[in-house]
Amino acid sequence: MPMPREEICLPRRHALFLALMAAVTFVVYGDSLSNDFHFDDSHTIVENWYLRSLKNIPTFFTSATPFSSLPQNRNYRPVVTVSLALNYSLGGLAPLSYHYVQIALHVLTGFLWYCVAYSLLCRSSGGDRVGASAIAAIGSLIFLVHPLNSEAVNYISCRSSILATLFFLSAFIFYMRYRELGAWQPLCLSALCLVFSLLSKAIGITFIIITVLYDRILAARGARRASGNTPGPGRAYRLIAAVTLLTGGVILWMTPARALESRSGIPALTYLMTQCKVIVAYLGLVIFPIRLSADRTVELSSSFFSLQVLIPLALIIGAIVWLWSVRKRAPEVTFFGLWFFITLLPESSIFSLAEPMNEHRPYIAIGGALFALLACVVRVAYRCAGTDPSTALPTVTRGVPPLPSLPPAFAEAELRLRAGRLRRGACAVEDPERSRRDLAEARVRVGGHPTVTDTLRIGATIIILTFSWLTWERNLVWRDGLTLWSNVIGNYPHNGRAWNNYGLALKKAGRIEEAAHAFDTGLVFYPNYSRLYINRALIHLDRNELPKAFADFKKAEQVDPQFDGVYYYTSLYYERLENYPEAALLLTKAIQFNPAFAPASYRLGEVYRKSREWSKAIEAYDRFLKLDPSSKIGKFWCGFCLINAGDYPRAIRMYQMLLDEDSSYLQARYNLAYSYMMSGQYNLAEEHFKKVLAALPGDIGTIRNLAIIAQKTGAKAGMNHQGNKSDHE
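For clarity, every value in this text was computed on a predicted model and none was experimentally measured.

**Q** For the overall build of the protein, give the residues involved together with the corresponding values.
**A** Helix and strand content of the protein: 33 helices and zero strands. Counting every position in the protein, which comprises 729 residues, the buried fraction comes to 53%.

**Q** Could you give an account of the nonpolar core, with specific residues and numbers?
**A** Formed by 197 residues in total, the largest nonpolar core has its most connected members in Leu120, Phe172, Tyr214, Phe335 and Trp339. For this core, the element with the most residues is helix H5 (residues 95-124), which contributes 15 residues. If sequence neighbours within four positions are ignored, Phe335 has contacts with Leu120, Phe172, Ile210, Leu213, Tyr214 and Leu218.

**Q** Could you give an account of the side chain of Arg603, naming the residues involved and the relevant values?
**A** Along the chain, the position of Arg603 falls in helix H27 (residues 598-610). Of note is the side chain of Arg603, whose polar atom sits 2.9 Å from the side chain of Glu575. Look past the residues within four positions of Arg603 in its chain and what remains in contact with it is Tyr568, Leu572, Glu575, Leu587 and Lys610.

**Q** Mind laying out the packing of aromatic side chains, listing which residues take part and the relevant values?
**A** Enumeration according to the criterion identifies 42 aromatic pairs in this entry. Between Tyr214 and Phe335, the aromatic rings sit 6.4 Å apart at their centres with planes inclined by 70°, giving edge-to-face as the arrangement. Remark: Phe335 occurs in helix H15 (residues 331-343) and Tyr214 occurs in helix H10 (residues 207-217); sequence separation between them is 121 residues. Just as Tyr214 is buried, Phe335 falls in that class too. For the pair Phe636 and Trp637, a centre-to-centre distance of 5.2 Å together with 80° between the ring planes defines the contact as edge-to-face. Like Trp637, Phe636 is buried.

**Q** I'd like a description of unusual backbone geometry, backed by residues and values.
**A** In this structure, Phe39 is a non-glycine residue whose phi angle is positive, near 50°. Judged by its relative accessible area of 25%, Phe39 is partly exposed. If you check the backbone angles, Asn544 has positive phi at about 65° while not being a glycine. Tracing the backbone shows Asn544 in the loop between helix H23 (530-542) and helix H24 (546-559).

**Q** Account for a nonpolar patch on the surface, with residues named and values stated.
**A** Residues Leu269, Leu272, Ile350 and Phe351 make up a contiguous nonpolar surface patch of about 390 Å² in total accessible area. The partly exposed category is assigned to Phe351, whose relative accessible area is 49%.

**Q** Which residues make up the pattern of salt bridges, and what are the values?
**A** Under the definition given, this model contains 24 salt bridges. A salt bridge links Glu557 to Lys554; the nearest nitrogen and oxygen atoms lie 3.5 Å apart. Here the residue Glu557 and the residue Lys554 both occupy positions in helix H24, the gap between them amounting to three residues, near one helical turn. Its relative accessible area of 22% is what places Glu557 among the partly exposed residues.

**Q** Which residues make up H23, and what values go with them?
**A** Across its 13 residues, H23 extends 19 Å between first and last C-alpha, which sits within 8% of the 18 Å expected from 1.5 Å per residue. Taking burial as the measure, the 13 residues of H23 include ten buried ones, the bulk of the element. Looking only at H23, the buried set comprises Ser530, Leu532, Tyr533, Ile534, Asn535, Ala537, Leu538, Ile539, His540 and Leu541. Of the residues one or two after H23, Asn544 is the one with positive phi, at around 65°.

**Q** Now, about helix H31 (residues 666-678): what can you tell me, with residues and values included?
**A** Side chains of residues three or four places apart in an α-helix project in the same direction, reflecting 3.6 residues per turn. Compared with an ideal rise of 1.5 Å per residue, which puts 13 residues at 18 Å, H31 spans 18 Å between its outermost C-alpha atoms and is within 8% of the ideal. Within the span of H31, buried status applies to Ala668, Arg669, Asn671, Leu672, Ala673, Ser675, Tyr676 and Met677. In the segment just after H31, Gly680 is the residue with positive phi, at about 85°.

**Q** For the confidence of the model for the protein, give the residues involved together with the corresponding values.
**A** Low pLDDT marks regions whose predicted coordinates should not be analysed in detail. When pLDDT is averaged along the protein, the result is 84; 83% of the residues meet or exceed 70. Looking at the elements of the protein, mean pLDDT is at its lowest for helix H17 (residues 408-419), recorded as 46, and at its highest for helix H7 (residues 150-154), recorded as 95. Predicted confidence for residues 437-448 stays below pLDDT 50, and this span has 25 contacts to residues more than four positions away or in other chains. Across residues 717-729, confidence stays below pLDDT 50; counting only partners more than four residues off in sequence or on other chains, it has zero contacts.

**Q** A description of the environment of Leu338 should follow, citing residues and the corresponding values.
**A** Within the fold, Leu338 resides in helix H15. Between the C-alpha atoms of Leu338 and Ile210, which are 128 residues apart in sequence, the distance is 8.7 Å. Setting aside residues no more than four positions away along its own chain, Leu338 makes contact with Leu213, Ile320, Leu323 and Trp324.

**Q** Go over the packing of H23 against H24 with me, naming the residues and quoting the values.
**A** Two elements in contact, H23 and H24, have axes separated by 8 Å at closest approach and are oriented at 165°. By the angle class used here, H23 and H24 are roughly antiparallel. When the axes of H23 and H24 are compared, the crossing they make is left-handed. From H23, Ser530, Tyr533, Ile534, Arg536, Ala537, Leu538, His540 and Leu541 reach across to H24, where they touch Leu546, Lys548, Ala549, Asp552, Phe553, Lys555, Ala556 and Val559.

**Q** Can you lay out the side chain of Ser349 for me, pointing to particular residues and giving the numbers?
**A** Mapped onto the secondary structure, Ser349 falls in the loop between H15 and helix H16 (363-384). There is a polar contact of 2.4 Å between the side chain of Ser349 and the backbone oxygen of Leu345.

**Q** Account for the environment of Ile203, naming residues and giving values.
**A** Relative to the helices and strands, Ile203 resides in the loop between helix H9 (184-198) and H10. Here Ile203 falls in the buried class, since its relative accessible area comes to 4%. In this structure the C-alpha to C-alpha distance between Ile203 and Pro346, which are 143 residues apart in sequence, comes to 5.7 Å. Apart from residues lying up to four places away in sequence, Ile203 is in contact with Ala164, Thr165, Phe168, Pro346, Glu347 and Ile364.

**Q** Outline the environment of Asn671, listing residues and values.
**A** Mapped onto the elements, Asn671 comes out in helix H31. On the basis of relative accessibility, which here comes to 12%, the residue Asn671 falls in the buried class. Discounting chain neighbours no more than four positions away, the residues touching Asn671 are Phe636, Phe640, Ile643 and Tyr655.

**Q** Tell me about the packing of helix H20 (residues 481-491) against helix H21 (residues 496-508), and name the residues and values.
**A** Interhelical geometry of H20 versus H21 gives an angle of 150° and a closest axis separation of 9 Å. In terms of orientation, H20 and H21 fall into the roughly antiparallel class. Relative to H21, the crossing made by H20 is left-handed. Residue-level contacts link Gly481, Leu482, Trp485, Ser486, Val488 and Ile489 of H20 to Ala498, Trp499, Asn501, Tyr502, Ala505 and Leu506 of H21. Residue classes in the contact of H20 with H21 are distributed as nine nonpolar, three polar and no charged.

The rules behind each value
Residues numbered from 1 in each chain as written. Predicted model: local features only at pLDDT ≥ 70, side-chain atom pairs only at ≥ 80, totals over all residues. Heavy atoms only, no water. Helix = DSSP H or I, 4+ residues; strand = E, 2+ residues; numbered from the N terminus. Buried < 20%, exposed > 50% of the residue type's maximum accessible area, 1.4 Å probe, protein only. Core = buried A, V, L, I, M, F, W, Y, C linked by side-chain atoms within 4.5 Å. Contact = heavy atoms within 4.5 Å. Polar contact = N/O pair within 3.5 Å; in protein donor to acceptor, adjacent residues only side chain to side chain. Phe/Tyr/Trp six-rings, centres within 6.5 Å; stacked < 30°, edge-to-face > 60°. Patch = residues over 30% accessible without salt bridge, like charges linked within 9 Å, V, L, I, M, F, W, Y side chains within 5 Å. Areas by Shrake-Rupley, 256 points an atom, 1.4 Å probe, with all protein chains shown as cover. Salt bridge = Lys/Arg side-chain N within 4 Å of Asp/Glu carboxyl O. Expected span 1.5 Å × (residues − 1). pLDDT = per-residue confidence, 0-100. Axes fitted to C-alpha atoms, helices over the stretch in contact; angles between N-to-C directions. Parallel < 35°, antiparallel > 145°, perpendicular 65-115°, else oblique. Left-handed = near helix turned anticlockwise from the far one by under 90°. Nonpolar A, V, L, I, M, F, W, Y, C, P; charged D, E, K, R; others polar.

Structure follows, in structure tokens:
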């Protein structure tokens, strides 16, 4: 059976719209490409040594350790870690490539929202393709430029939310395809995408609820029958439930206990009561995205009977009841509205997280809220004009789906599409005369309401332009640590963590006095935050105020005795005093708390090297190089200790490896030559010393070693000559 003309033309329109979405999004986020890493990016990317080599990718799936350098943040999200490792292989620690990938993933997510909304709106309107396409296009564009999504796009660590949403929507699209055709292939692809979503972030556990809601409200409307009967969802539910339980079990098994404990600092009931106002706040930010902040201060709700809990709870229950009550008249409104509340459940219910509210968490829910609101606005506008948009037009003859009362430009484009009046090759036209007749007939049937459609078009344009401008401005806030955390402090001046991060940004900029003041201010509001004490202690250490530094280090240990950073940074104090045994003891303790803490292993190697304990230094450097095999400085000092320990063959291998990576590394070449000389390989030693001398003419050490080699080889040659002479005589 030949494919209808609309089905042939539809992919081309989708492709053109994808190009438009990409262009708009890259323009809006064009000022974010040079933005810096922030907050969790430090331990997830910058200090995450596992990202340095793609050879570690198998480890990403067998352990949660590679996700972060901090034990309390080691979530099992291998898909995210793989994407970050690929980014590192492309551009190292330059943020540019990460931002390009982040924006591209955001564009793909917006396009998948367009596909989902188009399909669902077609079903709810009985095949209204143009209306569905227009509303889906507007909603997805608003999603792409919405300021509330700026955190997920600018904050690289939020890639987990984007990837989880991307695979979640892909899984849902394949599930809808399965419900249309009844074939196993789409269902298996849906299950595979669900696994990837769960391995990006746990929000995928709500997928089965979404599928049940879809089957209950929308699947029966316009479902295409493959063999006369729409396939039942029973086997799909069983497969989805099995995949969710199995993958969820693997995630829980792989996630370290300390990472699970760090999420549950707030009692479950307290967290649930607090989430009532948080969910309402998310919905408010979807409608009015103002006063956005990267780190919000949310007061915990301690009583269920307080107005802070009862009023938001009443609003949520009222909204859900109303959405369910209109499921027959406006099924798309019900589905998208409940999507918003359902997809928030993993992070806004009883599963307490470290922070009650983050602006990147509703990333998957924002699309549902936007399309529900947009569908409500369209329905109300047409109803006020005296027309029900779902029944405003009769069906056009010859089985063509009905045309909507939407902007004339859209309707005219669709009419011409159906009449075959596009450029050559766009559509197959069987009967041009009949197409012209259909066009004339359809024009008569399209009455429309120009006032309503023009108002909707103008309103959508204003919203998109306004949100684009707000997002552009928001990108500037994410420029660097100074702009970001000064913005947070401006919104929440009592946020101690914000003062800590602002102080770090000031210190990085060389504004030490202001940084010290920021740390002091933060401790006023957040006296039990160990990082504030550590950072203030480091400033005291730089000023050589050793008693004050020691007091702050001890206070940090009292506040958080399980934080590996406490012992790592306190070791710097003992290094300053040249108390190397105590420094080594503290660094060993830091490594015990966090074996993947690569800087601690490197510093331990430095401490043992300074105390001339060569074997212990080699062991520490070896541990560091396992975590960061690309480190040149680690290989250099490990080779140095090997020379002093007399292990010349291994020192030769270490320095030869360094020179293979960087042939201009003169210090490594010098030490390689010295290792050859000490192992008696004078010819090779002479060859490398001469290369060093060519680059550094007059270098005393090189000249002296060449003289030693000449003396050694000369003496040996003389002995050989005497031996040969005696034999001859």
